[in-house]
Amino acid sequence: MWCCWLVRCTISQTPGVYLHTYLPTQQAESHEGRPSLKSTGGANDQRSTPLPICILLPPALTRAMEYIYSLRSLFGWRNLAGAAVTYYATLAFYRLFLHPLARFPGPKLAALSRWYEAYYDVVQNGQYTKKIAELHKQYGPIIRISPFELHVIDPAFYDKIYRMDGRWGKYGFMYDAFGAKSSTVFGSDHDAHKAHRAAIAPLFSKAKVASRQDLIRKNVDKLSRRIDALAASGTTLNLGAAVSAFTRDIANEYITGKQYNELDREDFGIGLSISSQGAGVFWRTTKHIRWFGPTLRSIPIDWVMKTADEGTQQFLRYLQQSEADTKETLAAARASDPNDDKSQTTVVHEIVRSKLPPSEKTFERVFEEIATLTGAAFETTASALRLILFHVYSDPEILQRVRAEIVAAAATSPDPIPLTTLEKLPYLTAVLMEGLRLSPAIGTRSARLTNKDLVYGDWRIPAGTPVGMTTLLMHTDEKLYPEPLRFNPDRWMDPTDRKALDKVYAPFSKGTRTCVGMHLAWAELYQLLSTLFRRFDFEI
Ligand code: HEM
């Protein structure tokens, strides 16, 4: 039963608005058999019978309603189902046969829909990288891994994508899920990234890092004292959690100037490490289900605190503290004209001092930069430390060799051994390089887009296509690294062999988006590991 009355308003010749009420359409079928709207008052009656019902609808809206009504027959379930089938069939045909990437090899399911990747990301808990390696064996060195993206596994192609010249954007699909599009690390746009990076990069130069050795040393000494105390009391040490706390204390103080003293906590703030490691699930899910992350983030923190486990609570408390600290530092930096006080070396001061426009210096953007920079600094360095510690303490011969080298250097150097001396020790350096080969921070591909066509062999990759490689796969390519999963520092001992691998060894990536914090990370690895190897024995 048609149960609503349509009301149409007509602006009369004379001033004033008159309302005309129409009958239900069943009562007013037109001679064409289509429903029509029939005036009770008649077209000539307009001025004579204004109705008391006061719903004023503009003519355009009324026409739209009439139009929608006339379309109602289209919205039956059969028509909707038919439209959906036609839409998806056309889309599938386009993606498989007409899309600019249609001629690239790869599984048809991946070419059809991103749900193929979602299956490995979400259901298989992050196994798409492994699947991509298998697909390359089946389809060759260049493959289509989604309707929109290509992946290459050939090391000879690495420096064609990851380079300094040209314009290189990041692929928003991969990075936007972190919800920090205006940060240096996750921003996609080439020009915006260049400006953001220029503002913070001076703080992370090799010279600047060298001038902050006291900060790293202070934390190496603190961790050593804690290990001594735990050993004296016969307590088992969670070295993995301890090195996470070490990287957090350094990064927080280096980046924000604030001390959070995680190394002083009895459990080394292990909950924070665990929740940082868990961020991958959140990211992979949000990549495919875009509302997932924003919805979780919109839940008031106080609610989450009431129900969350200890690790999540630690993480949220840290975020709240970091937010409050950033607000305070930003207010101080703005108030004191940071150009006058160059001793203030925090990212906040660097941004306030920079040439960025005021719109890029708001609290929201500054905090996005702080949160992502510290996030990029914590578990990346900690994972490399853990992997190296595990392998060195599992192999007495490696431990003995590296320890002998450090002890010999200590005999002829000031105490503590300066960073510049450590950097010249060949075996220690080989141990660190081997660790970074197997722990290149990012287990997934890093797709890039450029504004020109790229050429790979006989293939022309259209401009604007996201195309990436996966460092982990390149670092475990057995043609480059025989017995790739073996921890073998000797592969780096011959300078000629090492030089030959220069172009394809990229734990910090290369090109415009290479790691900003690499000098800081190297310094942490050198300082902490040289002390631990020299002073401590651990049973794993
Ligand atoms: C062993 C430790 C580290 C490793 C292996 C590592 C690795 C990487 C890699 C592979 C990238 C490129 C990411 C991409 O292509 O999407 C990257 C970018 C970045 N890293 Fe690191 N990183 C480490 C430590 C650090 C530290 C300590 C900091 C902070 C101080 C940091 C800050 C950044 C930033 C800001 C970027 C983005 C650079 C840009 O897009 O311009 N990283 N890192």
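Look a little higher up for the structure.
Predicted model only: the values in this text are computed from it and were never measured.

About the criteria used
Here the residue index of a chain counts from 1 through its sequence in written order. Local features are withheld for residues below a pLDDT of 70 in this predicted model, meaning they are given only at 70 or higher, and side-chain atom pairs are given and counted only at 80 or more; totals for whole chains, interfaces and linings count all residues. To get the side-chain values, take all heavy atoms of the structure and skip hydrogens and water. Comment: elements are numbered from the N terminus, with helices defined as DSSP H or I runs of at least four residues and strands as E runs of at least two. Here's how the labels work: a residue is buried when its accessible area is under 20% of the maximum for its type, exposed when over 50%, partly exposed in between, all with a 1.4 Å probe on protein chains only. Residues are treated as being in contact if the distance between any of their heavy atoms lies within 4.5 Å. Shrake-Rupley sampling with a 1.4 Å probe provides the accessible areas, and residues are treated as covered by the protein chains on show and by no other component. To estimate the expected span of a helix, subtract one from its residue number and multiply by 1.5 Å. Coordinating donors are taken to be N, O and S atoms lying within 2.8 Å of the metal, or within 3.2 Å when the metal is Na, K or Ca; because water is excluded from the atom set, some sites may appear incomplete. The patches reported here contain residues having more than 30% relative accessible area and no salt bridge. Joining distances are 9 Å for like charges and 5 Å for nonpolar side chains (Val, Leu, Ile, Met, Phe, Trp, Tyr). The term salt bridge refers to a pairing of a side-chain nitrogen on Lys or Arg with a carboxyl oxygen on Asp or Glu at a separation within 4 Å. What makes a residue near a molecule or strand is one non-hydrogen atom of that residue sitting within 4 Å of it. Whenever two N or O atoms come within 3.5 Å, that pair is a polar contact, provided that in protein one can donate a hydrogen and the other can accept it, and provided that, for residues adjacent in sequence, both atoms are side-chain atoms. Note on aromatic pairs: the rings of Phe, Tyr and Trp (six-membered ring only in Trp) are paired at centre separations within 6.5 Å, and the planes decide the class, stacked below 30 degrees, edge-to-face beyond 60, tilted for the rest. Look at NZ for Lys and CZ for Arg. If either is within 6 Å of the ring centre and within 35 degrees of the ring normal, a charge sits over the ring.

(A) Highlighting the overall build of the protein chain. From N to C terminus, the protein chain includes 24 helices and 9 strands. Within the span of the protein chain, comprising 540 residues, buried residues form 47% of the whole. Within the protein chain, contacts between residues separated by at least 24 positions form 69% of all contacts whose residues are at least 6 apart in sequence. Here the protein chain has roughly 27500 Å² of accessible surface; of this, 59% comes from carbon and sulfur atoms.

(B) Representation of helix H21 (residues 426-438). Between the first and last C-alpha of H21 there are 19 Å, a value that for 13 residues agrees with the 18 Å anticipated at 1.5 Å per step. Most of H21 is tucked away: 12 of the 13 residues are buried. When we look at burial in H21, the residues that qualify are Tyr 427, Leu 428, Thr 429, Ala 430, Val 431, Leu 432, Met 433, Glu 434, Gly 435, Leu 436, Arg 437 and Leu 438. Where H21 is buried, its residues touch helix H18 (363-394), helix H19 (396-411), helix H20 (419-422), helix H22 (471-475), helix H23 (495-501) and helix H24 (518-535).

(C) Structural context of the coordination of the iron atom of the ligand. You will see that the iron atom of the ligand has only one donor from the protein, Cys 515 (SG), lying 2.3 Å away. Mapped onto the secondary structure, Cys 515 falls in the loop between H23 and H24.

(D) Inspection of the environment of Trp 283 at higher detail. If you trace the backbone, Trp 283 turns up in helix H13 (residues 279-288). Taking the C-alpha atoms as reference points, Trp 283 and Asp 176, separated by 107 residues in sequence, lie 9.2 Å from one another.

(E) Spatial organisation of a nonpolar patch on the surface. Together, Phe 93, Tyr 94, Phe 97 and Leu 98 line one region of the surface with nonpolar side chains, adding up to about 450 Å² of accessible area. Within the element layout of this structure, Phe 97 appears in helix H2 (residues 77-98).

(F) Focus on the site of the ligand. Lining the immediate surroundings of the ligand are 26 residues, of which Tyr 175, His 193, Arg 197, Arg 448 and Cys 515 lie closest. Taking His 193, its side chain carries an N or O atom lying 2.6 Å from an oxygen atom of the ligand. Between the ligand and Arg 197 there is a distance of 2.6 Å, counted from an oxygen atom to a side-chain nitrogen or oxygen. Considering each element in turn, the shell around the ligand owes the most residues, 5 residues, to H18.

(G) Structural view of the packing of aromatic side chains. Taken as a whole and assessed by the stated rule, the structure comprises 25 aromatic pairs. Here Tyr 260 and Tyr 318 contribute two aromatic rings whose centre-to-centre distance is 5.5 Å and whose plane-to-plane angle is 80 degrees, an arrangement assigned as edge-to-face. Taken together, the residues Tyr 260 in the loop between helix H11 (239-256) and helix H12 (270-277) and Tyr 318 in helix H16 (residues 310-335) connect sequence positions 58 residues apart. In terms of burial, Tyr 260 and Tyr 318 fall into one category: buried. Ring geometry for Phe 282 versus Phe 292: centroids 6.3 Å apart, planes at 50 degrees, classification tilted. Pair noted here: Phe 282 is in helix H13 and Phe 292 is in helix H14 (residues 292-298), with a separation of 10 residues, a long-range link. You can call Phe 282 partly exposed: its relative accessible area is 23%. Every member of this aromatic cluster is reached through a ring pair, and the members are Tyr 116, Tyr 119, Tyr 120 and Tyr 128. Lying over the aromatic face of Phe 268, Arg 226 brings its terminal NZ or CZ to 4.3 Å of the ring centre. Note that Arg 437 overlies the ring of Tyr 481, its terminal NZ or CZ placed 5.0 Å from the centroid.

Purely geometric numbers; function is a separate question.
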